[in-house]
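# Close look at the chain arrangement
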Amino acid sequence: MPGSAVLQLAPLEALYDYGHGGEDFGTAVREGLSLGQKKLSAKFLYDARGSALFEEICTLPEYYPTRTEISLLEKHVTEIAELAGRGASVVEFGSGASVKVRLLLDTLAAPDWYVPVDISRQHLVASAKDLATQYPDLTVLPICADYTRAFDLPRSVRAPILGFFPGSTIGNFTHGEARAFLQQAASSLGAGAGLVLGADLMKAPDILRAAYNDAAGVTAAFNLNLLARINRELDGDFELSAFRHEGRLLEDEGRIEMHLVSQRAQVVRAAGKTFAFREGESIHTEYSHKYTIDQVQTLARSGGWEPVRSWVDDQSLFSIHFLAAR
Ligand SMILES: C[S@@+](CC[C@H](N)C(=O)[O-])C[C@H]1O[C@@H](n2cnc3c(N)ncnc32)[C@H](O)[C@@H]1O
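For clarity, every value in this text was computed on a predicted model and none was experimentally measured.

### Some remarks on the pattern of salt bridges
Tallied over the entire structure, the rule returns 19 salt bridges. The salt bridge partner of arginine 232 is aspartate 47, with a shortest N-O separation of 2.6 Å. With arginine 232 in helix 9 (residues 218–234) and aspartate 47 in the loop between strand 3 (38–39) and helix 3 (48–57), this pair connects stretches of sequence that are 185 residues apart. Here aspartate 47 falls in the buried class, since its relative accessible area comes to 9%. For glutamate 246, the salt bridge goes to arginine 244, with nearest N and O atoms at 3.3 Å. Judged by its relative accessible area of 36%, arginine 244 is partly exposed.

As structure tokens, this is what we get:
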């Protein structure tokens, strides 16, 4: 595929690596830390250490999304498999540890290919190898890429194609970015494709604040790892103890924002530049938008998808949606 390095890594069919993970980190840091509101994309939270910390977040008592989405998938996976059809190829965006997809792969009739797409290369390869070993009849072809940028699916991935975008990762986008992502996914998966989308729902503020400010401090470690990553990869001199994690709820905007707040006035060097911080000034590192069912369905339509069915748990914490490409 043009633009990607193709590596043979048994038991995988291959690994397609677009190199998106490394190429723009330095530029993003130089530009993002020069803004009035300092800002870095959430995709940079996921190096190998960040991915491992995210897996730990998924097991926290305060972090309801993972267990709620898994129980929703368990409950409705037969219906999803029927909607997807026989011999489906599954393309997962932001596949992480590839845990939830096993529910689909175990239930779909004769799944053909599994194509996990993720920016966190080491974690992607390890998870894909694990899965390929456990599902020997499946062709597993990981793609290391930024899924907001153009990448090609291997030609041999045949219809029916089922996209999978769980974890409410769509909430990391602004609404405009989410629409653009859905449009791109519709065109790369093609007419007739399905998409199983997980989306977190708006709920009581105390549940949301606790989920993003856990008592064990794992979310704080996940967020602060971004500064450690800058130190490791971009010759930075961030003092981690001089920053504090904050998961802020912006109720009117319908989202949580993660910030790293400077505890004092300081000057930091990274990626060949210096950056001044006032006491209390923050770097915005992640959006996590929360939706209503109507909002998800409107967003899906604007992105070229027709909502077919939606499922919500008894406490209305989380939702999953089966969408069909128009
Ligand atoms: C919130 S985690 C969800 C992981 C898993 N799908 C789940 O539901 O638990 C987001 C995943 O998307 C990946 N990711 C984030 N931004 C990305 C991007 N722009 N392109 C590709 N992968 C990305 C991360 O590496 C991570 O594995």
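The structure having been displayed, the exposition proceeds.
### Quick look at the site of the ligand
With respect to spatial proximity, 16 residues lie near the ligand, and among them Gly94, Lys100, Asp118, Asp146 and Tyr147 are the closest. In the model, a nitrogen atom of the ligand is placed 2.9 Å from a nitrogen or oxygen of the aspartate 146 side chain. In this structure, a nitrogen atom belonging to the ligand sits 2.9 Å away from a main-chain N or O atom of tyrosine 147. Considering only residue class, the shell around the ligand consists of six nonpolar, five polar and five charged. The residues that make up the shell around the ligand include at least three from each of domain 1 (5–21 + 62–203 + 291–325) and domain 2 (37–57 + 205–289).

### What about the sheet that holds strand 14 (residues 282–289)?
Spatially, 3-14-11-10 is the arrangement adopted by the four strands of the open sheet, whose pairing is mixed. Where the open sheet ends on each side, the last strands, each with one partner, are strand 3 and strand 10 (243–250). The pairing of strand 10 with strand 11 (residues 255–262) spans eight bridges and is classified as antiparallel. Bridge assignment links glycine 247 to a residue of strand 11, and that residue is methionine 258.

### What about the environment of tryptophan 311?
Looking at where tryptophan 311 falls in the secondary structure, it is placed in strand 15 (residues 305–312). Each C-alpha atom of the pair tryptophan 311 and isoleucine 293 lies 9.2 Å from the other, and the pair is 18 residues apart in sequence. Not counting chain neighbours up to four residues away, the residues in contact with tryptophan 311 comprise Leu72, His76, Glu79, Ile80, Leu83, Phe318, Ser319, Ile320, His321 and Phe322. Of note is the side chain of tryptophan 311, whose polar atom sits 3.4 Å from the side chain of glutamate 79.

### What about the packing of aromatic side chains?
Overall, the coordinates contain 19 aromatic pairs when judged by the stated rule. Here the guanidinium or amino end of lysine 38 rests over the ring plane of phenylalanine 277, the centre of that ring lying 4.8 Å away. Looking at arginine 229, its charged tip hangs above the ring of phenylalanine 25, at a distance of 4.3 Å from the centre.

### Points about helix 4 (residues 64–84)
Along its length, helix 4 reaches its greatest deviation from straightness, about 65°, at histidine 76. Every buried residue of helix 4 is listed here: Tyr64, Pro65, Thr66, Thr68, Glu69, Leu72, Leu73, His76, Val77, Ile80, Ala81 and Ala84. Looking at the packing, one finds that the buried side of helix 4 touches helix 5 (101–107), strand 8 (161–165), strand 9 (194–200), helix 8 (205–211), strand 15 and strand 16 (318–325). After helix 4 finishes, the residue glycine 85 shows a positive phi value of roughly 90°.

### Focus on the pairing of strand 11
Judged by how many residues are buried, strand 11 sits mostly within the fold: eight of eight residues are covered. Alternating residues of strand 11 divide into Arg255, Glu257, His259 and Val261 and Ile256, Met258, Leu260 and Ser262, and every residue in both groups is buried. The loop that links strand 10 with its antiparallel partner strand 11 comprises four residues; one of these, glycine 254, has a positive phi angle of about 70°. As paired elements, strand 11 and strand 14 share seven bridges and run antiparallel to each other. The residue bridging histidine 259 from the neighbouring strand is histidine 284, located in strand 14.

### Brief notes about the side chain of aspartate 313
Following the sequence through the fold, aspartate 313 ends up in the loop between strand 15 and strand 16. Buried charge without a salt bridge: aspartate 313, with lysine 203 as the nearest opposite-charge side chain at an N-O distance of 7.5 Å. Here the side chain of aspartate 313 touches glutamine 315 through a polar contact of 3.1 Å, landing on its backbone nitrogen. A distance of 3.0 Å separates a polar atom in the side chain of aspartate 313 from the backbone nitrogen of leucine 317. With near-sequence residues (within four places) excluded, aspartate 313 lies in contact with Thr68, Leu72 and Phe318.

Cut-offs applied
- Residues numbered from 1 in each chain as written.
- Predicted model: local features only at pLDDT ≥ 70, side-chain atom pairs only at ≥ 80, totals over all residues.
- Heavy atoms only, no water.
- Salt bridge = Lys/Arg side-chain N within 4 Å of Asp/Glu carboxyl O.
- Helix = DSSP H or I, 4+ residues; strand = E, 2+ residues; numbered from the N terminus.
- Buried < 20%, exposed > 50% of the residue type's maximum accessible area, 1.4 Å probe, protein only.
- Near = heavy atom within 4 Å.
- Polar contact = N/O pair within 3.5 Å; in protein donor to acceptor, adjacent residues only side chain to side chain.
- Nonpolar A, V, L, I, M, F, W, Y, C, P; charged D, E, K, R; others polar.
- Domains from an automatic or database assignment.
- Pairing = 2+ DSSP bridges.
- Contact = heavy atoms within 4.5 Å.
- Phe/Tyr/Trp six-rings, centres within 6.5 Å; stacked < 30°, edge-to-face > 60°.
- Lys NZ or Arg CZ within 6 Å of the ring centre and 35° of its normal.
- Bend = angle between axes of the 7 residues up to and from the residue.
- Lys, Arg positive; Asp, Glu negative; His and termini not counted.

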